[in-house]
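Listed below are the residues making up each chain.
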Amino acid sequence: MKQYIIKGGKPLRGSVTIGGAKNSALGILVASVMTNEPVIVENLPDIGDVQVLLNAIREIGAIVEQIDEHTVRINASLVGDVCMDYDFIRKIRGSYYFIGAMLGKRRKATVALPGGCQIGTRPIDQHIKGFEALGAKISIEHGNVEAVTDKLVGSHIYLDCISVGATINIMMAACMAEGKTIIENPAKEPHIVDVANFLNSMGADIKGAGTDTIRIRGVESLHGTTYSIIPDQIEAGTYMMAAAATGGDVLIQNVIPKHLDVISAKLIEIGVTVEEYPDAVRVIANKKLRHTNVKTFPYPGFPTDMQPQFAALLSLSEGTSMVTETVFEDRLKYTSELCRMGAKIKVEGTTAFITGVDGLESAAVCAPDLRAGAALVIAALAADGYTTIDQIEYIERGYEGVCEKIRNLGGVMEKIDIDDNSDIQRFKLRASNQ
Ligand code: UD1
């Protein structure tokens, strides 16, 4: 078993390059099985969730060639009916996209109910409502979602809550339904637009992704394409928070600054300097930071996937901040780990009251999920002394090369073997000179 060990207290300085967006990648990889022609996906992040999904795509009979670390070619011409009830696929959220993709392509799919981070109940009723509106019959048996129909017909669908997953899933099925589908109240995240652009590059006819109404005219078949995934808004935001928490100066490259507007705005509000360039942002933190309040909302609101990382930063900002989670009902559990590092956080319902402290202390902590794990890395980089973080597989599900990227910025961090005490001793010896 591996863990991260981090010697904190060094300001991060230099530049870091952001990879492709995880949540785009999950939708796009699954959508690529909807055509019988080869698809090339570029700027794919080399992360755990993507590897799991690529394995799943192989399991259903597609040929997946890894052209390089960040490029794959997928040929799904041999994919038949999909019955995907493997245990490993349950672990990732994006597995539910096989339902929409295969309903579109084959009018039939059986997929294990999705898992993902334990941050709330995460029902899929809106996905089901959308599929049923398109004419599919859905049943849930033995932990699997079974979807079947003779024919998919376009429909007018209003989503009762804004859902990234439901929007992408319905969009995929609808682009191969007969006639016109309208999705009202869809999610507008950058990755929704990215998946829609990808599907359009395969011959789909989707208009309005990123707005309040998506209009889809169904097509009979989709063709091959070559497509490059957009940069990851959340990876970029995470390095922005890490730069700020360590009093650093970091140029975050290969980003779409527009996608980071709300994150930049909140950083500026607490006293961080954020400079914007055409495809980069520079984050400079050279003074004491102050408190603020934040509530998570669907895009263009403050992303729930940035909430734990911002809370880590606010635990070092003067005064009392309020962080309210409105998207997932159980996404503040990780605060107890931050408290082990000396943060002063009190949770009432879905709000965390954070009173800034002068410094965090090192501790042995455990990543409860992906983004909370990233928050612990940020806290550890800012804390005095040596922090160890367990369950790093969560972090590696969504972040590529964290240790390398942090080390390139002057941070002191390594992945070591939990059971090998000499690994820790060697790290400490090296770190003591840094
Ligand atoms: C996706 C992202 C995740 C991100 C989240 C919100 C992927 C693989 N995961 O998750 O990283 O944190 O968006 O930006 O892209 N809901 C329902 N019924 C449904 C669907 C959702 O009630 O049918 C609720 C959820 O419980 C949650 C809220 O709607 O409270 C938002 O969920 P949703 O946007 O669907 O999140 P995911 O697609 O699971």
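Coordinates for the structure precede this section.
The rules behind these values
Residue positions are given per chain, counting from 1 as you read along its sequence in written order. Only residues with pLDDT of at least 70 get local features here, since the model is predicted, and only at 80 or more are side-chain atom pairs given and counted; chain-wide, interface and lining totals rely on the full set of residues. To obtain the side-chain values, all non-hydrogen atoms of the structure were used and water was disregarded. Secondary structure elements follow DSSP: runs of H or I no shorter than four residues count as helices, runs of E no shorter than two count as strands, and numbering proceeds from the N terminus. Under the convention used throughout, the expected extent of a helix is 1.5 Å for every residue step, that is, one less than its residue count. Only protein chains enter the area calculation, which uses a 1.4 Å probe; residues under 20% of their type maximum are buried, those over 50% are exposed, and those in between are partly exposed. Arc, as used here, means the arc of the directions from the helix axis to the C-beta atoms. Here, residues are in contact when the closest pair of their heavy atoms is within 4.5 Å. Residues form patches when they are more than 30% accessible in relative terms and have no salt bridge. Like charges link within 9 Å. Nonpolar side chains (Val, Leu, Ile, Met, Phe, Trp, Tyr) link within 5 Å. For every accessible area listed, the method is Shrake-Rupley and the probe measures 1.4 Å; residues are considered covered only by the protein chains on display. Whenever a carboxyl oxygen of Asp or Glu lies within 4 Å of a side-chain nitrogen of Lys or Arg, that contact is scored as a salt bridge. None of His or the chain ends enter the tally, which takes Lys and Arg as positive and Asp and Glu as negative. To locate a charge, take atom NZ for lysine, CZ for arginine, CG for aspartate or CD for glutamate. A pair of strands is treated as paired once DSSP finds two or more bridges between them. The axes used here are C-alpha line fits, helices contributing only the stretch in contact, and every angle between their N-to-C directions lies in the interval 0 to 180 degrees.

Colleague: Teacher, can you tell me more about helix H2 (residues 48-59) here?
Modeller: Since the α-helix turns once every 3.6 residues, residues separated by three or four places project in the same direction. Look at H2: 17 Å from first C-alpha to last across twelve residues, which is about the 16 Å you get at 1.5 Å a residue. Buried within H2 are the following residues: Asp49, Val50, Leu53, Leu54, Ala56 and Ile57. On an axial view of H2, the arc spanned by its buried residues comes to 160°, and they lie on one face. Packed against the buried residues of H2 are helix H1 (22-31), strand S4 (63-68), strand S5 (71-75), strand S6 (82-84), helix H3 (87-90) and helix H4 (97-106). Of the residues trailing H2, Gly61 is marked for its positive phi of about 105°.

Colleague: In this structure, what is going on with a negative patch on the surface? I would like to understand it.
Modeller: A cluster of acidic residues, Glu42, Asp46, Asp68 and Glu69, forms a negative patch at the surface. Its place among the elements puts Asp68 in strand S4. Note on Asp68: relative accessible area 39%, which makes it partly exposed.

Colleague: So what exactly am I meant to see when it comes to the sheet that holds strand S18 (residues 293-295) here?
Modeller: Hydrogen bonding along the main chain pairs the strands of a sheet, whether they run parallel or antiparallel. Strand order in the open sheet made by the four strands is S18-S19-S21-S20, with mixed pairing throughout. With partners counted over all chains shown, the strands left at the sheet margins are S18 and strand S20 (344-348), one partner each. On average, each strand axis in the sheet is inclined to that of its neighbour by 15°, with strand direction left out of account. Sheet analysis places S20 next to strand S21 (residues 351-355), joined by five bridges and oriented antiparallel. Residue pairing across strands places Glu348 opposite Thr351, the latter belonging to S21.

Remember that the coordinates give geometry; whether it matters functionally is a separate question.
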